[in-house]
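Reading the structure
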Amino acid sequence: MAQKRKVPERKCIVTNEMKPKKDLIRVVRNKEGEVFVDPTGKKNGRGAYVSNDIAVIEKAEKAGTLSRQLNTKIEPSIYDDLKQIVEGKKDEK
């Protein structure tokens with residue numbers, strides 16, 4: 001009997017829900033202090049996961065959750081990138 005592989009889960013920093021890693025979007029701050037969206041989920045640096053949902057991203061933007069988690073100022077362009085990723089995934093379905 002083949003064993004099922006364990007699905008890696010991460011916690012959304014806004015909703016505090018544990019979700020499969022593929023249902024979340026990772027935002028990374030590297031050693032140089034650059035902050036960027038990491039669609040692969042494999043880049044080096046301090047990562048924070050946000051649910052793949054426009055409402056959650058807007059809530060993170062208003063509350064400054066990403067800034068707190070990554071200990072740096074988050075540019076508005078990061079939130080724009082996150083929203084584009086979510087809207088792009090909605091178009092695929």
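Residues numbered from 1 in each chain as written. Predicted model: local features only at pLDDT ≥ 70, side-chain atom pairs only at ≥ 80, totals over all residues. Heavy atoms only, no water.

**Overview of unusual backbone geometry**
- The residue N16 is not glycine, and still its phi comes out positive at about 60 degrees.
- With respect to the helices, strands and loops of the structure, N16 is situated in the loop between strand 1 (9–11) and strand 2 (18–20).
- Among the residues examined, N16 registers a relative accessible area of 51% and is labelled exposed.
- Positive phi, normally seen in glycine, also occurs at N71, with a value near 55 degrees.
- Positionally, N71 belongs in the loop between helix 2 (65–70) and helix 3 (76–92). (Helix = DSSP H or I, 4+ residues; strand = E, 2+ residues; numbered from the N terminus. Buried < 20%, exposed > 50% of the residue type's maximum accessible area, 1.4 Å probe, protein only.)

**Regarding the sheet that holds strand 4 (residues 35–38)**
- One open sheet accounts for three strands, arranged 4-3-5; its pairing is antiparallel. Every interior strand has two partners, whereas the edge strands, strand 4 and strand 5 (46–51), have only one. Across the sheet, the mean angle separating the axes of adjacent strands is 30 degrees when strand polarity is ignored.
- Here six bridges tie strand 3 (residues 24–29) to strand 5, and the two strands are oriented antiparallel to one another. Considered in strand 5, the bridge of R29 is made with R46. (Pairing = 2+ DSSP bridges. Axes fitted to C-alpha atoms, helices over the stretch in contact; angles between N-to-C directions.)

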